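For reference, the chains in residue letters:
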Amino acid sequence: MKKIAFVLVVIIFYSCQNNSVKTNFILDDEIESKINSHLKKMTIADKVGQTCQVTLGALMKTDSKNKLIWPHEIDPEKLSVAINDYKIGSILNVSNHTFDLERWHEIIKTVQTEAMSSKLGIPIIYGIDAIHGVTYTRNSTLFPQEIGLAATWDLEHAKVMGEVTAYETRASGIPWNFSPVLDLGRKPIWSRFFETFGEDVYLGKKMGSALVNGYQGSSSRIDSLHVAACLKHYVGYSYPTTGRDRTPCLIPKRTMEEYYLPMFKESIDNGALTVMINSGEVNGIPGHANKYLLTDVLKTQWGFSGFSVSDWEDLIKLHSEHLTDSTLKQAIATAINAGVDMSMVPLSPNYKQYCDLFIELVNEGVISMNRLDDAVRRILRVKYHLNLFEKPYNKLDNYNQFASAEFRNKAYRSATESITLLKNNGVLPLSKNKKVLVVGPTSNSLICLNGAWTHTWQGLGSKNNKFISNQYNNDFPTILDAVNKKNNGIVHHINGIDFVMKDGDESEKFNSDINFLNIAKSCDYIIVCLGELPSTERPGDLNTLEMTALQKDLVRRLENFNVPKILVLVQGRPKIIRDIEPKFDAVLNAYLPGDQGGVAIADILFGDINPSGKLPYTYPLYPEVILHYDYKQTETINGNTWSNDFYQSQYDFGFGLSYSNFEYSNLKINKKKINEREEIIISVDVENTSDVTGKEVVQLYTRDHYATIAPPLKKLQRFTKIELSAKEKKTVNFTLSEKDLRFFGIENKWISENGKFSIFINQLEEEFTLIKS
């Protein structure tokens, strides 16, 4: 008699269209009335001051050489001048080092007490970069960076990171977070690539919107557990032609509409309160001078009611770097008239000069009172929505969950579901009673696991040209620590390579003892941890994506040993591994997984966690040829053979292995033809044929076979992450409509066209036809 395995079938309906999130925040009549009352009482100087943002360091006590005095303390006279004489509306940043909760509350209370006792009685809105947790508060909960968060392909993880970060930011007394980054990650050499959600618009806009929802909560009036989000960097910042930070971008209108604007619009529609502006230029126009994007699109077309803020010194840079304005005064006029509402000036005496020149421009009629009133109205509106007038600061004892075990477990779960298994020749998971060698420059470094924007701007500490471990959250395990704890056998460790600094530049040096090779050949496994030091913005600019020569040489020294080798990549951008990947039996991409990354990596290596991360970008095979998953037919043509086989990648977008095996079958669509008023329902069966419970990301792509604008060969339209027990099967359903088939047409309008379309899930395909009436 033939045996039939029992299969549990569960049918679940998944639709990414039914997201119950708020729409763009509705204007509140009570708040608008209060704003009108303020504006009537305010002088030009009062209003100009509200648009001025100053860094905390400009308000601190300094010595005769203008160096900050330790311990850092606010200078009462400087604070009084800024608030009472120049009427500043905002403060940002931290003074060169991370504070604990108590110190933050002292600072915020001091600032707000001064502001609320001033003639105007308008609170300061304080902002900070808390991009993967509260990065400038000691002992905070740190999650994976955004590129790792995207690799979870799970909107719940994005929302949870937002909620925890918001809670701990408010616990620090700060109501405004300069996050999320919604720049599209299509230039992997760019130093801020790790701050993006990767290369796809749909994945990015859904993850970004979920993160904003976590930051701000479900009400347009933000409570004391949430913060105002700040979408950055609007827009086009992430695609510099050279790959270097803050350098020119060339982005045609169609590409801007289809690829770069949608992520921002999604979160604006879902209520995001503020936007930070692109520091670079697009098509020759600096972001801070682009009236079309700042006013016509953002505020008029989209109806954005919050305010826009410049990035660091960017109004000044219109004059000093972009060279579009011959004077600083002219630069201020250009930016404000383009639609900038608040200027991150942010230093002293620059902020005083900014205010004085702005007042002159209003008196001269170069900047209208209507434009000034509009900017101030927007700023006051956000302050009211944050309830800062009633509660300019909160009590510390209201936040007893700060850095709790619950929060850190949430960060750990995000890390485990982000880490992506790219190769496994059967060596993983590892046995726990073996002799293991852990080697490589990222093997025993917490700062490498976290990346930049971690306690300091660049995410590292330096002393005497040598890197030191971060001094604030240093009680979490590195990869080495976690492997030591997990493995019951013997663990050897040799860095092999040390990251060092020389004359301000990152370099590497070989560092291994005489027994290095003898230890390696006597081990059962070799875990090689490669990657890069934390960096961002201009200090993170690179000339190539190639893995460094010394790191590749380290691999070469180990390759002849007949010992299973596992490569663990700790990196913010995909370094080229084409020549070293064949030497490894398994490859794990950890991205920048945060404080919990060491334990998460070890748990995956030894099988306590089943990996479920998927790549949020196409991992390039060569540094010179960067192709994305939504390539076009012409990009696949091989000039030597004239066949369509030229597309090459190290690993594809959406790829990631598991210790489970998943099989897809029974792809069905409910209609073979639809019109513009109908929906099409797609279903597919996914079965876990293994004996190991696992999670799988079900990804739905479409193809428009022919279009008046050359179409890509596939486009991500829906995804969901499901968990399947051993031998379990689930039916997953998605819904699409005509709107999902639209593109930006020849006449610069969003259109769809009649014709044949394909739906792809895994290796399965179904076709349907759009016939509009």
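Residues numbered from 1 in each chain as written. Predicted model: local features only at pLDDT ≥ 70, side-chain atom pairs only at ≥ 80, totals over all residues. Heavy atoms only, no water.

Chemist: Lay out the overall build of the protein chain with the relevant residues and their values.
Modeler: On a plain count of helices and strands, the protein chain comes out with 20 helices and 31 strands. A globule of 773 residues ought to have a C-alpha radius of gyration of about 28 Å, and the protein chain, at 27 Å, matches this closely. With the principal axes as the frame, the protein chain shows a C-alpha extent of 90 × 75 × 55 Å. Burial status across the protein chain gives 61% buried among its 773 residues. (Helix = DSSP H or I, 4+ residues; strand = E, 2+ residues; numbered from the N terminus. Rg over C-alpha atoms; globule rule 2.2 N^0.38 Å. Buried < 20%, exposed > 50% of the residue type's maximum accessible area, 1.4 Å probe, protein only.)

Chemist: I'd love a proper account of the pairing of strand β19 (residues 525-531), names of residues and values included.
Modeler: Among the 7 residues that make up β19, 7 are buried, leaving the element largely enclosed by the rest of the structure. Here β19 shows two buried faces, one formed by Y525, I527, C529 and G531 and the other by I526, V528 and L530. In this structure, β19 lies alongside strand β20 (residues 565-570), joined through 6 bridges in parallel fashion. Its bridge partner being in β20, L530 is matched across the sheet by L569. Remark: the β19/helix α19 (residues 549-558)/β20 crossover connection has right-handed handedness. (Pairing = 2+ DSSP bridges. Right-handed = clockwise from strand over helix to strand, strands pointing away.)

Chemist: Got a sec to walk through empty space enclosed by the protein? Specific residues and values, please.
Modeler: In this structure the tally under the stated criterion is 7 cavities of 30 Å³ or more. The space that makes up the largest cavity amounts to roughly 90 Å³. Along the walls of the largest cavity sit 13 residues, with F194, E532, L533, S535 and G572 positioned nearest its centre. Looking at the lining of the largest cavity residue by residue, the class counts come to 7 nonpolar, 4 polar and 2 charged. Of all elements in the fold, only α11 (314-320), α12 (328-338), β11 (343-344) and α13 (350-363) reach the threshold of two or more residues within the lining of the second largest cavity. No other element matches the 3 residues that α11 contributes to the lining of the second largest cavity. When the residues that make up the lining of the second largest cavity are grouped by side-chain class, the tally is 7 nonpolar, 2 polar and 2 charged. (1 Å grid on protein atoms, 1.4 Å probe; cavity = no way out; pocket = protein on both sides within 12 Å on 5 of 7 lines; lining within 4 Å. Points joined across faces, edges and corners; volume = space filled by probe spheres on them. Nonpolar A, V, L, I, M, F, W, Y, C, P; charged D, E, K, R; others polar.)

Chemist: Before we move on, can you summarise the sheet that holds strand β26 (residues 715-724) with the specific residues and values?
Modeler: On the basis of which strands lie adjacent, the open sheet formed by 5 strands has the order β23-β31-β30-β25-β26 and mixed pairing. Every interior strand has two partners, whereas the edge strands, β23 (673-674) and β26, have only one. In this sheet, strand β31 (residues 764-770) lies alongside strand β30 (residues 755-761) in antiparallel orientation, the contact comprising 7 bridges. The residue bridging I761 from the neighbouring strand is L764, located in β31.

Chemist: Give a detailed account of unusual backbone geometry, specifying residues and quantitative values.
Modeler: Backbone torsion omega between S348 and P349 reads 10°, so that peptide bond is classified as cis. The peptide bond linking L428 to P429 adopts the cis configuration, its omega dihedral lying at 0°. Following the sequence through the fold, P429 ends up in the loop between β12 (420-424) and β13 (436-439). The phi dihedral of N283 is positive, around 55°, even though this residue is not glycine. Note on N283: relative accessible area 44%, which makes it partly exposed. Residue L323 is not a glycine yet carries a positive backbone phi of 60°. Secondary-structure assignment places L323 in the loop between α11 and α12.

Chemist: Explain the nonpolar core to me, using residue names and the numbers behind them.
Modeler: Grouped together as the largest cluster of nonpolar side chains are 151 residues, with contacts concentrated most on I88, W104, Y234, Y354, F358 and L716. Not counting residues up to four positions away in its chain, the partners in contact with Y234 are L261, F264, V275, M276, I277, N278, L293, L294, V297, L298 and W302. (Core = buried A, V, L, I, M, F, W, Y, C linked by side-chain atoms within 4.5 Å. Contact = heavy atoms within 4.5 Å.)

Chemist: Lay out the environment of A338 in plain terms, naming residues and giving numbers.
Modeler: For A338, the location among the structural elements is in helix α12. Here A338 falls in the buried class, since its relative accessible area comes to 3%. Residues A338 and T295 lie 43 residues apart in sequence; the distance between their C-alpha atoms is 6.6 Å. Setting aside residues up to four positions removed in sequence, A338 forms contacts with H288, A289, N290, K291, L294 and T295.

Chemist: Describe helix α14 (residues 369-385), listing the residues and the values that go with them.
Modeler: With 17 residues, α14 ought to run about 24 Å at 1.5 Å a step, and its terminal C-alpha atoms sit 24 Å apart, in line with that. Across the 17 residues of α14, 13 count as buried, placing the element largely inside the fold. Just downstream of α14 lies N387, where phi reads positive at about 60°. (Expected span 1.5 Å × (residues − 1).)

Chemist: Tell me what's going on with the pairing of strand β7 (residues 274-277), and back it up with residues and numbers.
Modeler: Every second residue of β7 is oriented toward a common face, with T274 and M276 on one face and V275 and I277 on the other, all of them buried. With 3 bridges connecting them, β7 and strand β10 (residues 307-309) associate as parallel partners. In the sheet register, V275 faces β10, and the bridge partner there is S308.

Chemist: With reference to specific residues and values, describe the sheet that holds strand β16 (residues 491-494).
Modeler: Strands belonging to one sheet form pairs held by backbone hydrogen bonds; the direction of such a pair is parallel or antiparallel. Strands sit in the order β12-β21-β20-β19-β13-β16 across an open sheet of 6 strands; the sheet is mixed. At either margin of the open sheet sits one strand with a lone partner, and together these are β12 and β16. Shown here is a sheet whose adjacent strand axes are inclined to one another by a mean of 15°, direction ignored. As paired elements, β12 and strand β21 (residues 586-591) share 4 bridges and run antiparallel to each other. Along β21, the bridge assignment pairs L421 with L588. Contacts from helix α20 (residues 597-605) reach β19, β20 and β21 within the one sheet, and its direction differs from that of β21 by about 155°. (Axes fitted to C-alpha atoms, helices over the stretch in contact; angles between N-to-C directions.)

Chemist: Hey, could you go over the confidence of the model for the protein chain for me, with residue numbers and the actual values?
Modeler: Of the residues in the protein chain, 92% have a pLDDT of 70 or more, and the chain-wide mean is 92. A low-confidence stretch, residues 1-23 (pLDDT under 50), is modelled with 51 contacts involving residues beyond four sequence positions or located in other chains. A low-confidence stretch, residues 462-470 stays under pLDDT 50, and its non-local contacts, those more than four residues away or across chains, total 17 contacts. (pLDDT = per-residue confidence, 0-100.)

Chemist: Hey, could you go over the packing of α12 against α13 for me, with residue numbers and the actual values?
Modeler: Their axes nearest at 10 Å, the elements α12 and α13 cross at an angle of 70°. With respect to α13, the axis of α12 lies roughly perpendicular. Judged by residue contacts, L328, K329, I332, A333 and I336 of α12 engage Q353, Y354, L357, F358, E360 and L361 from α13. Class assignment of the residues belonging to the contact of α12 with α13 gives a composition of 8 nonpolar, 1 polar and 2 charged. (Parallel < 35°, antiparallel > 145°, perpendicular 65-115°, else oblique.)

Chemist: Tell me about the pattern of salt bridges, and name the residues and values.
Modeler: Scanning the model with the defined rule gives 50 salt bridges in all. Of the charged contacts in the structure, one is a salt bridge between E767 and K756, with a shortest N-O distance of 4.0 Å. With a gap of 11 residues between them, E767 in strand β31 and K756 in strand β30 connect regions that are remote in the sequence. (Salt bridge = Lys/Arg side-chain N within 4 Å of Asp/Glu carboxyl O.)

Chemist: Run through the side chain of D75, naming residues and quoting values.
Modeler: With respect to the helices, strands and loops of the structure, D75 is situated in the loop between β2 (52-55) and α3 (76-85). Those residues in contact with D75, other than ones at most four positions away along the chain, are L59, M60 and K61.

Chemist: Quick rundown of the layout of surface pockets? Include the residues and the values.
Modeler: When its volume is computed, the second largest pocket comes out at roughly 970 Å³. Lining the second largest pocket are 41 residues, with T55, N93, N96, W312 and L347 sitting closest to its centre. Among the elements of the structure, α3, β6 (228-234) and α13 are those that each provide at least two residues to the lining of the second largest pocket. Each residue belonging to the lining of the second largest pocket can be placed in one class, and the counts come to 16 nonpolar, 12 polar and 13 charged.

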